[in-house]
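# Observations on the model geometry
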Amino acid sequence: MTRLLLGPGPSMVSPRALASMSQPLLGYLDPQLFEILKKVQQGLRQLFQTQNEVTLALPGTGMSGMECALGNLIEPGDPVLIGAIGFFGERMVEIARRYGADVHVARAEWGKPLQPEQIQAALDQKDRWKLVACVHAETSTGVVQPISEIAHLAKSCGALFVMDAVTSLGGLPVKVDEWGVDVCYSATQKCVGAPPGLAPITLSESAWQAIANRSHPNRSWYLDIRLLWDYWNEKRIYHHTTPVSLFYALQEALKMIEEEGIEQRFERHRQVASKFYQGASALGLSFCVEPEHRAPTLTSLHIPEGVEDAPFRSRLLNEFGIEIGGGLGDWKGKVWRIGLMGHSCQTDHVKKLLQAMETILHGNH
Ligand SMILES: *Cc1c(COP(=O)(O)O)cnc(C)c1O
């Protein structure tokens, strides 16, 4: 049975994008491959809503994006502020520590966004900040953060702003240039519609300068953005073997986004999510996040009293072929996470999910 992937990722991939991967391989210096990479760059600039020249896709999943963004900017001792509101924000904290930053954290309770005043209060505690980083849509809770305000505060004190757009890029507006995001990264398997294995990333001129001015090279060789960029720019210097088939799929997925229209795509995510909200409420389920802070791409629901998490989700998977996510960290065993992203985000999938949930929760009618 084909799985309906309605969890926090990977999401489903369209037959078109899947089929594209069965094309014969190209060498990593083949001009035909460079044509594909150029189209991928153009598509990514549109999705990120940026003019940034340094826009590419890293070989690796979303975590490679997180590590690349932080690792290239941070030098030992750099003061860094992370706005953490869940599991992925905490990973930023951990990575920044490993790269030797002087890490400060502004936290909000799980299920809530950060208040810009909290960020301001944290920023007031030091004269100089290297960077401020936070997650746009926190996948452990389904909260969207007030990014443009946070980015503005970061810029006002001269810090660079880093944003994780893993669960937003391709599903809700990500406006890198307008918001003033210096480094933004994502992953291909959530809202973009391609398989896992690539991490789109884009860097502003200021971020690039900060990296060029480092006093020591990045500790990670594989994720050194300057080495990576020397393959994407006209130098075409070998760094690693390009995962060619994944780029076929990403190119196809980006083509499909262009055909659908970016605004229409966001509208589809909003509408399908709102169908799900209605249906879930009708089943008596309650939401972990207030409507105004909810990401359309990921919804967390409280597991109803008397229902056991693991048996429920295995019935959903084994009897209905539907995958949803359980809770992470503090919310393990307490919530379900439903992802409606990219190709998974369809009204028909919502209907199937609600019917299956109803059958398991209330028995057959
Ligand atoms: C999934 C996710 C990641 C990590 O991506 P992987 O592809 O699993 O490495 C990072 N940040 C957020 C917000 C995510 O949802």
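We now turn to the structure provided with this report. Here the structure is a predicted model, which is why all the values come from computation and not from measurement.

Positionally, methionine 92 belongs in helix α4 (residues 87–98). In this structure methionine 92 comes out as buried when scored by relative accessible area, which is 0%. Apart from residues lying up to four places away in sequence, methionine 92 is in contact with Met66, Leu70, Ile82, Ala133, Cys134, Val135, Asp164 and Tyr185.

Let us now look at the layout of surface pockets. Of the pockets and cavities examined, the largest pocket occupies roughly 240 Å³. Broken down by secondary-structure element, the contributors of at least two residues to the lining of the largest pocket are α2 (31–48) and α10 (244–260). Its residues assigned to classes, the lining of the largest pocket shows five nonpolar, four polar and three charged. Its volume calculated, the second largest pocket comes out at about 160 Å³. Elements represented by at least two residues in the lining of the second largest pocket include exactly α3 (62–73) and α4. Its residues assigned to classes, the lining of the second largest pocket shows eight nonpolar, four polar and three charged.

The next thing to look at is the sheet that holds strand β4 (residues 102–107). Spatial ordering of the open sheet is given by β2-β10-β9-β8-β5-β3-β4, a layout of seven strands whose pairing is mixed. Bordering the open sheet on either side are β2 (54–59) and β4, each of which pairs with just one other strand. Averaged over all adjacent pairs, the angle separating strand axes in this sheet is 20°, with direction ignored. Two elements, strand β9 (residues 183–185) and strand β10 (residues 198–203), share three bridges in a ladder whose sense is antiparallel. Residue pairing in the sheet places cysteine 184 in a bridge with threonine 202 of β10. Along the sheet face, α4 touches β3 (79–84), β4, β5 (131–135), β8 (160–164) and β9 and points at about 165° away from the line of β3.

How each quantity is defined
- Residues numbered from 1 in each chain as written.
- Predicted model: local features only at pLDDT ≥ 70, side-chain atom pairs only at ≥ 80, totals over all residues.
- Heavy atoms only, no water.
- Helix = DSSP H or I, 4+ residues; strand = E, 2+ residues; numbered from the N terminus.
- Buried < 20%, exposed > 50% of the residue type's maximum accessible area, 1.4 Å probe, protein only.
- Contact = heavy atoms within 4.5 Å.
- 1 Å grid on protein atoms, 1.4 Å probe; cavity = no way out; pocket = protein on both sides within 12 Å on 5 of 7 lines; lining within 4 Å.
- Points joined across faces, edges and corners; volume = space filled by probe spheres on them.
- Nonpolar A, V, L, I, M, F, W, Y, C, P; charged D, E, K, R; others polar.
- Pairing = 2+ DSSP bridges.
- Axes fitted to C-alpha atoms, helices over the stretch in contact; angles between N-to-C directions.

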